Amino acid sequence: MAISDKIKEYRVKRGMTQAQLAELLGMTPQSISKWERATGYPDLSAICPLADALGITTDELLEHKNPPGELNKKWYRLMRKCDMWQAPLEDLIALDNDAISQYPNDELFLWRRVSDEFKLACRKTDAGEKQQWLACAEEHCAELIAKDPNWENSKYMMVKILMECGRTDEAIAWAHKCKSPDEAMKDVLRGNDLRRHHQQIIDDVLRDLLGKMRCKDLDFLKASEDIIRAVFPDGNYQYYYDFLMMIEFTRAKYYSDLGDSAKTMEYLYRALDVAKEKFIKGKSKFTIPIFDELPPEGDDMSLIEQLYGILQHREGLETVFFTDEYQKLLANIKGLISVNCQKST
């Protein structure tokens, strides 16, 4: 029996009008009328007071044969029989399906069914049975995603299911639909590919952090430099030379704002020294273990050329731009670039 019919049946049995029931619930008669005509539905907050007013339990009102709480306790009792990976999964799946038949929209049991089916598939040694349970898990996971596209757990589970099916390309596509693709990709990659992926995540975080710390504040600049030198104790900075150069350049701008020409030029020359050091060391892979799978980036000479381009724009360096020392620095850098071009040809 529909809840609309139950409300009307028990209201009449209690000898109440719609207005009297509405008064008990602090609502309008129009709300009761909508419930009984099935053009509206009681809010969850109204279910308990409504059942009390009608003299029945909430389970009778909602026609729950087995309240979710009881099913939940039964599920945990099965789980406690043994550890999670030795749990009686067929029994758990049967309980999941029973709960879903009574409560089709209960996301907890919808999720448990997918999870239990996937675990059972992973446990199966027979290829046919394994594929059968993976197909069930995939179908039910797709239904869960369609029901709530924003629930990240179901997307991550789809990645795991597809990987277990051997459909790597589809798993990668689903990983990129997740809120944190980097985390989801950890279930896709293996061996050196997984190691490289972990290193790329660390690299991205470090670059982002250093980018946010770059401002005309000497404390932040010193902290940035300390971080780089701590992460790369062997001095093989590779493309992190770019950050070191910009740290020195930003210090130069800081002293330019103070009108200190000597300090400004000192740090501009330091910036050039960093660019030259990168050129001398050449492009190669990182040698520290946490970055040893990352490919080299950039051209050996590109950092010197980058510095030359920045200095030509003079932005933030008005204190020294028209000085002989500044023009000498520009000429020095231009000469280095010209020599390199001649060697290349």
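Reading the values: the criteria
- Residues numbered from 1 in each chain as written.
- Predicted model: local features only at pLDDT ≥ 70, side-chain atom pairs only at ≥ 80, totals over all residues.
- Heavy atoms only, no water.
- Phe/Tyr/Trp six-rings, centres within 6.5 Å; stacked < 30°, edge-to-face > 60°.
- Helix = DSSP H or I, 4+ residues; strand = E, 2+ residues; numbered from the N terminus.
- Buried < 20%, exposed > 50% of the residue type's maximum accessible area, 1.4 Å probe, protein only.
- Expected span 1.5 Å × (residues − 1).
- Contact = heavy atoms within 4.5 Å.
- Salt bridge = Lys/Arg side-chain N within 4 Å of Asp/Glu carboxyl O.
- Disulfide = S-S within 2.5 Å.

1. Structural notes on the packing of aromatic side chains
With the rule as written, the count across this model stands at 16 aromatic pairs. Summarising the aromatic geometry, the rings of Phe 232 and Tyr 240 are spaced 5.0 Å apart at their centres and angled 40 degrees between planes, so their arrangement reads as tilted. Ring geometry for Tyr 239 against Phe 286: centres 5.0 Å apart, planes inclined by 85 degrees, an arrangement best described as edge-to-face. Placement of the pair is Tyr 239 in the loop between α14 (218-231) and α15 (241-257) and Phe 286 in the loop between α16 (261-281) and α17 (302-313), with a sequence separation of 47 residues. Comparing Tyr 239 with Phe 286, the two get one shared label, buried. The structure contains a cluster of three or more aromatic residues connected by ring pairs, namely Phe 232, Tyr 237, Tyr 239, Tyr 240, Tyr 241, Phe 243, Phe 286 and Phe 291.

2. Comments concerning helix α13 (residues 191-213)
Between its first and last C-alpha atoms α13 spans 34 Å; for 23 residues at 1.5 Å apiece the expected length is 33 Å, and the two agree. Residues His 197, Gln 199, Ile 201, Asp 203, Leu 206, Leu 210 and Met 213 constitute the buried set of α13. Looking at the buried residues of α13, the elements they touch are α12 (181-185), α14 and α15.

3. Things to note about the environment of Thr 57
Structurally, Thr 57 can be placed in the loop between α4 (44-54) and α5 (58-62). With a relative accessible area of 42%, Thr 57 lands in the partly exposed category. The sequence separation of Thr 57 and Leu 218 amounts to 161 residues, and the corresponding C-alpha distance is 69 Å.

4. A few points about the pattern of salt bridges
Here the idea is simple: oppositely charged side chains can pair when their charged atoms come close. All told, the structure shown has 25 salt bridges when counted by the stated rule. For Glu 143, the salt bridge identified is with Arg 113, shortest N-O distance 3.8 Å. In this pair, Glu 143 sits in helix α9 (residues 127-147) while Arg 113 sits in helix α8 (residues 107-123), placing the two residues 30 residues apart along the sequence. Its relative accessible area of 10% is what places Arg 113 among the buried residues. Close ionic contact of Asp 292 with Arg 195 constitutes a salt bridge, the shortest N to O distance being 3.3 Å. Taken together, the residues span a long stretch of sequence, with Asp 292 in the loop between α16 and α17 and Arg 195 in helix α13 at a distance of 97 residues. Taking relative accessible area as the criterion, Asp 292 reaches 25% and is therefore assigned partly exposed. Among the charged side chains, a salt-bridge network with shared partners connects Glu 225, Arg 229, Glu 248 and Arg 251.

5. A word on the state of the cysteines
If you walk through the whole model with that rule in mind, you get zero disulfides. Unpaired in terms of disulfides, Cys 141 finds its nearest cysteine sulfur in Cys 178, a separation of 9.9 Å. Judged by relative accessible area, which is 0%, Cys 141 ranks as buried.

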